[in-house]
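Observations on the three-dimensional arrangement
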Amino acid sequence: MIVITEAICQKVIDNKNSFVAVEGVFASMASGDAYNFPVIREDIGYADAIYGFKSGFDKTAKTLGLKSGGYWPGNMKNGLTNHQSTIFLFNADTGQIKAMVGGNYLTAMRTAAASSVSIEHLARKNSKVLGFIGAGHQSTFQLRAAVERRNFEKVVAWNLHKEMLPNLQAVAEELGLAFEAMEREEVAAQSDVIITITSAHEALLMKSWIKPGTHIACMGTDTKGKQEIDPEIFAVASVFTDEVAQSISIGEAQHAIKSGIIFKNNITPIGNVINADHIGRKTDSEITIFDGTGVGLQDLAVAEVAVVAAKKLQLAKNIDVYS
Ligand code: NAD
């Protein structure tokens, strides 16, 4: 078994190779070559933690495995990130463990890659202003990945906890972008692309605020009950997702589905757009939503890239588990 530490992941995974891995696996999911197994997600009744497994198999890439982990809200005060995870890859021919890979950095990178894949395929080409609803741990990863897809000039942002905004501002300025913190309604008024990445359980963006032509990447809602946008936006938008089954049950679309605003067949896997089976955005005035729920195959795909790169650079430790 190869052991890939968080430090090695940071050396070998960047926005370019994680974009390629995630775009590829979304395409394989849409063409039926890769599928995610049912997600296990449990409130363990201790430390307010949510713990579970995301797993799947990509037949073409022969990538088999799982990500184990969850959310520990008390971690931040102890100097750890709230999300903690580890990825395990198995040999698809034998079932033996192939690699154990630190999953914290990779989770942020694959989540950022998902929204950047959606920006690449759905946002207007002339998008200039990138809006953020949320400025937590994931937000700076989201920003770094998004700027690779469009020539953004300005970042506008709102966050419930104002003290978190300077972190996002620092990265925007490092990337040479103007930055302005403002109210949510103003973020919607100025943005061409909006990324929502919060732990909210209520609508933070209202339908009447959204400009024609906006692309919204909803990245925070990955559990039943979470919510970031007004479900009525779904009525006027073209809706895309990583995986329809997750979108309607644990994703942002769960609320629009529950209220009968849209139906399952109104949601298109983004892999169909990548595979050119769906046109994606049809006009510059269309509102598009990407419901990025986060699938296990994203984790496995970037972990596989990390394993190959770490082996090539002779960075990985090898442990014989079976002798
Ligand atoms: P974090 O704990 O670092 O930050 C939480 C963010 O949510 C902050 O911006 C905070 O101000 C905001 N927030 C908290 N409660 C809120 C409320 N009631 N209303 C509005 N904003 C609120 O978390 P993070 O690591 O940045 O993750 C953000 C969200 O993204 C989490 O909900 C997480 O579960 C989700 N996530 C999704 C994926 C995916 O694949 N879709 C992957 C990783 C994380």
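Please refer to the structure higher up on the page.
Worth saying up front: this structure is predicted, and the values here are computed from it rather than measured. (Residues numbered from 1 in each chain as written. Predicted model: local features only at pLDDT ≥ 70, side-chain atom pairs only at ≥ 80, totals over all residues. Heavy atoms only, no water.)

**Considering the overall build of the protein chain**
Counting secondary structure elements, the protein chain contains 11 helices and 18 strands. Its C-alpha atoms give the protein chain a radius of gyration of 19 Å, near enough to 20 Å, the size a compact globule of 323 residues would have. Overall size of the protein chain, expressed as C-alpha extent along the three principal axes, is 65 × 40 × 40 Å. When the 323 residues of the protein chain are sorted by exposure, 54% land in the buried category. Surface accessibility of the protein chain: about 14000 Å² in total, with carbon and sulfur atoms responsible for 54%. With 30 positive and 35 negative side-chain charges, the protein chain shows a separation of 3 Å between the mean positions of the two kinds. (Helix = DSSP H or I, 4+ residues; strand = E, 2+ residues; numbered from the N terminus. Rg over C-alpha atoms; globule rule 2.2 N^0.38 Å. Buried < 20%, exposed > 50% of the residue type's maximum accessible area, 1.4 Å probe, protein only. Areas by Shrake-Rupley, 256 points an atom, 1.4 Å probe, with all protein chains shown as cover. Lys, Arg positive; Asp, Glu negative; His and termini not counted. Charge placed at Lys NZ, Arg CZ, Asp CG, Glu CD.)

**Notes on the pattern of salt bridges**
One pass over the full model with this rule turns up 13 salt bridges. Two residues, E120 and R149, come together in a salt bridge whose shortest N-O distance is 3.2 Å. Linking E120 in helix α3 (residues 104-122) with R149 in the loop between α4 (137-146) and β9 (154-158), this pair joins segments that are 29 residues apart in sequence. Classification of E120 by relative accessible area gives partly exposed; the value is 25%. Of the charged contacts, one joins D192 and K211 as a salt bridge, the two residues approaching to 3.7 Å between their closest N and O atoms. Linking D192 in the loop between α6 (184-190) and β11 (193-196) with K211 in the loop between β12 (201-205) and β13 (215-218), this pair joins segments that are 19 residues apart in sequence. (Salt bridge = Lys/Arg side-chain N within 4 Å of Asp/Glu carboxyl O.)

**Things to note about the site of the ligand**
The immediate surroundings of the ligand are formed by 27 residues, with R110, N159, H161, K226 and G292 found nearest. Between Q138 and the ligand, the recorded distance is 2.9 Å, taken from a backbone N or O atom to an oxygen atom. Contacts to the ligand include K226, whose side-chain N or O atom sits 2.7 Å from an oxygen atom. Bound to the protein, the ligand loses 90% of the 850 Å² it would expose on its own. Elements with a contribution of two residues or more to the shell around the ligand: α3 and α4. Class assignment for the residues of the shell around the ligand results in nine nonpolar, 15 polar and three charged. Looking at the shell around the ligand, you find at least three residues from each of domain 1 (2-107 + 297-318) and domain 2 (124-294). (Near = heavy atom within 4 Å. Polar contact = N/O pair within 3.5 Å; in protein donor to acceptor, adjacent residues only side chain to side chain. Nonpolar A, V, L, I, M, F, W, Y, C, P; charged D, E, K, R; others polar. Domains from an automatic or database assignment.)

**So, the packing of aromatic side chains**
Applying the stated criterion to the full structure yields five aromatic pairs. Considering the side-chain rings of F26 and F290, the 6.4 Å spacing of their centres and the 50 degrees angle between planes classify their relative orientation as tilted. Of this pair, F26 sits in helix α2 (residues 15-30) while F290 sits in strand β17 (residues 287-291), placing them 264 residues apart in sequence. On the basis of relative accessibility, which here comes to 0%, the residue F290 falls in the buried class. When the ring of Y51 is compared with that of F53, the centres are 5.4 Å apart and the planes differ by 70 degrees; the resulting orientation is edge-to-face. Overall, the relative accessible area of 29% leaves Y51 in the partly exposed class. Cluster of aromatic residues (ring-pair linked, three or more members): Y51, F53 and W72. (Phe/Tyr/Trp six-rings, centres within 6.5 Å; stacked < 30°, edge-to-face > 60°.)

**Remarks on the environment of N75**
Inspection of the secondary structure puts N75 in the loop between β5 (63-71) and β6 (83-91). Among the residues examined, N75 registers a relative accessible area of 11% and is labelled buried. Once the C-alpha coordinates of N75 and K211 are considered, the two residues, 136 residues apart in sequence, prove to be 38 Å apart. Sequence-distant contacts of N75, defined by excluding residues within four places in its chain, comprise L80, T81, N82 and Q84. (Contact = heavy atoms within 4.5 Å.)

**Let's talk about the side chain of T268**
Inspection of the secondary structure assignment puts T268 in strand β16 (residues 267-269). A relative accessible area of 13% places T268 in the buried class. With sequence-adjacent residues up to four places away left out, T268 is seen in contact with V239, F240, T241 and H278.

**A closer look at helix α5 (residues 165-174)**
What α5 keeps buried is the set L165, L168, V171 and A172. Relative to the axis of α5, the buried residues are bounded by an arc of 130 degrees and lie together on one face. Looking at α5, the residues exposed on the side facing more than 90 degrees away from the buried face are N167 and E174. Where the residues of α5 are buried, they touch β8 (129-133), α4, β9 and β10 (178-181). Phi turns positive, to about 80 degrees, at G176, one or two residues after α5. (Arc of directions from axis to C-beta.)

**Some details on the side chain of S238**
Examined against the element boundaries, S238 turns out to sit in strand β15 (residues 237-241). Residue class for S238 comes out buried when judged on its relative accessible area of 16%. Excluding anything up to four places from it in sequence, S238 contacts K282, E286, I287, T288 and I289.

**So, the pairing of strand β7 (residues 97-102)**
Judged from the three bridges that link them, strand β1 (residues 2-4) and β7 form a sheet pairing that is parallel. The residue bridging I2 from the neighbouring strand is A99, located in β7. Taken together, the five bridges between β6 and β7 define a ladder with antiparallel strand orientation. If you follow F88 over to β7, its bridge partner there is M100. (Pairing = 2+ DSSP bridges.)

Any link to function would need more than the numbers given here.
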